[in-house]
Amino acid sequence: MFSVSREFSFSYGHRLYRYDGRCRRLHGHNALVMIEILEEGLDEQGMAMDFVKVKSTVGKWIDEFLDHRVFLAKDDPLAEVLRAAGEEPILFDGNPTAELLAKKIFERARDMGLNVKRVDFWETKNCRATYALS
């Protein structure tokens, strides 16, 4: 079994609604994401997966749909305020935590046909969440 990994970074804003801590306030992060992909064998070029393919699929989606966006819980009243101001936040069924962001990226990469093993999501340089196959 072969494994390849690709890192991506993007900026985003969020807040944790009904949370009793500093993260209840709207704030931003510069996230680092690492996607690990498994393959049984190598292609004719000797690659498990071309890093360019990873970048052109999930990397493109991250750039287009996650970078410089605001993530909120779907019941957060701030969503309506942002919409009224011409912004369209990305809504989550729960608070947009690092854990749920890792899961969202994992599932999207899988939907794109990548054999994803795990996604590591660093919200800060010291704080990481992982979503992986068990």
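Throughout, residues of each chain are indexed from 1 in the direction in which the sequence is written. Local features in a predicted model are, by the rule used here, given only for residues with pLDDT of at least 70; side-chain atom pairs are given and counted only at 80 or more, and totals for whole chains, interfaces and linings are based on all residues. Calculation of side-chain values draws on the structure's entire complement of heavy atoms; hydrogens and water are dropped beforehand.

## Brief notes about the overall build of the chain
Right, on to step 1. A run of H or I in DSSP becomes a helix once it reaches four residues, and a run of E becomes a strand once it reaches two; helices and strands are each numbered from the N terminus. Within the chain one finds 3 helices and 6 strands.
Right, on to step 2. Helices and strands in the chain line up, N terminus first, as β-β-α-β-α-β-α-β-β.
Right, on to step 3. In terms of overall dimensions, the chain has a C-alpha envelope of 55 × 30 × 25 Å along the principal axes.
Right, on to step 4. The classification of residues rests on relative accessible area computed with a 1.4 Å probe and restricted to protein chains. Under 20% of the type maximum is buried, over 50% is exposed, and intermediate values are partly exposed. The 134 residues of the chain split such that 39% are buried.
Right, on to step 5. Here the analysis covers contacts within the chain between residues at least 6 apart in sequence; of these, 59% occur between residues at least 24 apart.
Right, on to step 6. Positive charge is attributed to Lys and Arg, negative charge to Asp and Glu, and no charge count is given to His or to the chain ends. A charge is said to be at NZ when it belongs to Lys, at CZ for Arg, at CG for Asp and at CD for Glu. Side-chain charges of the chain comprise 20 positive and 22 negative groups, with the mean position of each set lying 5 Å from the other. Throughout, a residue-residue contact means that at least one pair of heavy atoms, one from each residue, lies within 4.5 Å.

## Focus on unusual backbone geometry
Right, on to step 1. With phi around 60 degrees, Arg18 is a residue other than glycine that occupies positive phi space.
Right, on to step 2. Mapped onto the secondary structure, Arg18 falls in the loop between strand 1 (2–14) and strand 2 (27–39).
Right, on to step 3. Exposure remark for Arg18: the relative accessible area of 67% places this residue in the exposed category.
Right, on to step 4. Even without a glycine there, the phi angle at His68 is positive, about 55 degrees.
Right, on to step 5. The topology assignment puts His68 in the loop between helix 1 (51–66) and strand 3 (69–73).

## Here we look at the pattern of salt bridges
Here the idea is simple: oppositely charged side chains can pair when their charged atoms come close.
Right, on to step 1. Here, a salt bridge means any side-chain nitrogen of Lys or Arg that lies within 4 Å of a carboxyl oxygen of Asp or Glu. All told, the structure shown has 9 salt bridges when counted by the stated rule.
Right, on to step 2. In this structure, Asp120 engages Arg118 in a salt bridge whose closest nitrogen and oxygen atoms are separated by 2.8 Å.
Right, on to step 3. Taking relative accessible area as the criterion, Asp120 reaches 2% and is therefore assigned buried.
Right, on to step 4. On the basis of relative accessible area, Arg118 is assigned to the partly exposed category, the value being 24%.

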